[in-house]
Amino acid sequence: MKETHAPGPWSYEICTNTPSTFAVSDGHCTIALVERWDADPETVQREAESNAALVASAPLLLDAIKTILPRFVELYETFDPEGEIAVWGQWRELVEGAIDRTMFID
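This section reports on the structure supplied with the text. Computed from a predicted model, the values in this text were never measured in an experiment. (Residues numbered from 1 in each chain as written. Predicted model: local features only at pLDDT ≥ 70, side-chain atom pairs only at ≥ 80, totals over all residues. Heavy atoms only, no water.)

### Considering the side chain of Ser25
Test applied: To qualify as a helix, a DSSP run of H or I must reach at least 4 residues; to qualify as a strand, a run of E must reach at least 2; elements of each kind are numbered from the N terminus. N or O atoms within 3.5 Å of each other form a polar contact, as long as, within protein, one can give a hydrogen and the other can take it, and as long as residues adjacent in sequence are counted only when both atoms are side-chain atoms. A contact between two residues is defined here by any heavy atoms of the two lying within 4.5 Å.
On the secondary structure map, Ser25 appears in strand S2 (residues 21-25). A distance of 2.8 Å separates the side chain of Ser25 from the backbone nitrogen of Gly27, its partner in a polar contact. A distance of 3.2 Å separates a polar atom in the side chain of Ser25 from the backbone oxygen of Cys29. Beyond its immediate sequence surroundings of up to four residues, Ser25 is in contact with Pro9, Trp10, Ser11, Thr30 and Ile31.

Structure (structure tokens):
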């Protein structure tokens, strides 16, 4: 599978034209906009910034999952205690699914 998303690292900052919005960027273009909404200003600011930080961390999270997956698969294929293998299979599907959702298949 070929990765077609903008490579990391991504970062975020408050938009200069729209101070109620955080822009997630790869340094060249905007990847996502995270809006703040009307509510308690302190809570909204923290939540919107946390959301922007989560989006900006996507490339790092993807790299982490891709780094651990080969070792995890190796352990999964060689480890078979009673009752544990099904759980490991569910975890493997979850990790592989997370990676698949971040990519487009050419």
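So that's the structure; there's more coming.
### Remarks on unusual backbone geometry
Put simply, Gly8 and Pro9 share a cis peptide bond, and its omega is 0°. Locating Pro9 in the fold gives a position in the segment before strand S1 (11-14).

### What about the packing of aromatic side chains?
So the rule is basically this: Centres within 6.5 Å make a pair out of two Phe, Tyr or Trp rings, where for Trp the six-membered ring is used; the pair is then stacked when the planes are under 30 degrees apart, edge-to-face when over 60, and tilted otherwise.
Evaluation of the coordinates by the stated rule reveals one aromatic pair. Aromatic side chains Tyr12 and Phe22 sit 5.8 Å apart centroid to centroid with 70° between the ring planes, which places their arrangement in the edge-to-face category. Of the two residues, Tyr12 sits in strand S1 while Phe22 sits in strand S2, which places them ten residues apart along the sequence.

### A few points about the nonpolar core
Put simply, the rule reads: Only buried Ala, Val, Leu, Ile, Met, Phe, Trp, Tyr and Cys residues count toward a nonpolar core, and they belong to the same one when joined by side-chain atoms within 4.5 Å. Exposure categories follow from relative accessible area, calculated using a 1.4 Å probe and restricted to protein chains: below 20% of the type maximum is buried, above 50% is exposed, and the middle band is partly exposed.
Formed by Ala6, Trp10, Phe22, Val24, Val34, Ala48, Ala52 and Ala56, the largest nonpolar core amounts to eight residues. Taken together, the elements giving at least two residues each to this core come down to S2 and helix H1 (41-56). Setting aside its immediate chain neighbours within four residues, Val24 contacts Trp10, Ser11, Tyr12, Cys29, Thr30, Ile31, Ala32, Val34, Ala52, Val55 and Ala56.

### Describing helix H2 (residues 58-78)
As a reminder, the rule being used: Expected helix span is taken as 1.5 Å per residue step, with the number of steps being one fewer than the number of residues. In this scheme, the bend at a residue equals the angle between the axes fitted to the seven residues that finish there and the seven that begin there.
Helix length check: H2, at 21 residues, gives a terminal C-alpha distance of 30 Å against a target of 30 Å (1.5 Å per residue), a fit within 8%. By the largest-angle criterion, Leu69 marks the main kink of H2, which is about 35°, and a proline, Pro70, follows within four residues. Inspection of H2 places Pro59, Leu62, Leu69, Phe72 and Val73 among the buried residues, and these make up the whole buried set.

### Thoughts on the side chain of Thr21
Within the secondary structure layout, Thr21 lies in strand S2. Residue class for Thr21 comes out buried when judged on its relative accessible area of 2%. Setting aside residues up to four positions removed in sequence, Thr21 forms contacts with Glu13, Ile14, Cys15, Leu33, Val34, Glu35 and Arg36.

### Section: the pairing of strand S3 (residues 30-35)
Note the cut-off: Criterion used throughout: strands pair if DSSP finds at least two bridges between them.
In terms of strand pairing, S2 meets S3 through five bridges, oriented antiparallel. Residue pairing for S3: Ser25 is matched across the bridge by Thr30. The hairpin formed by S2 and S3 contains four residues between the paired strands, and Gly27 there has a positive phi angle of roughly 95°.

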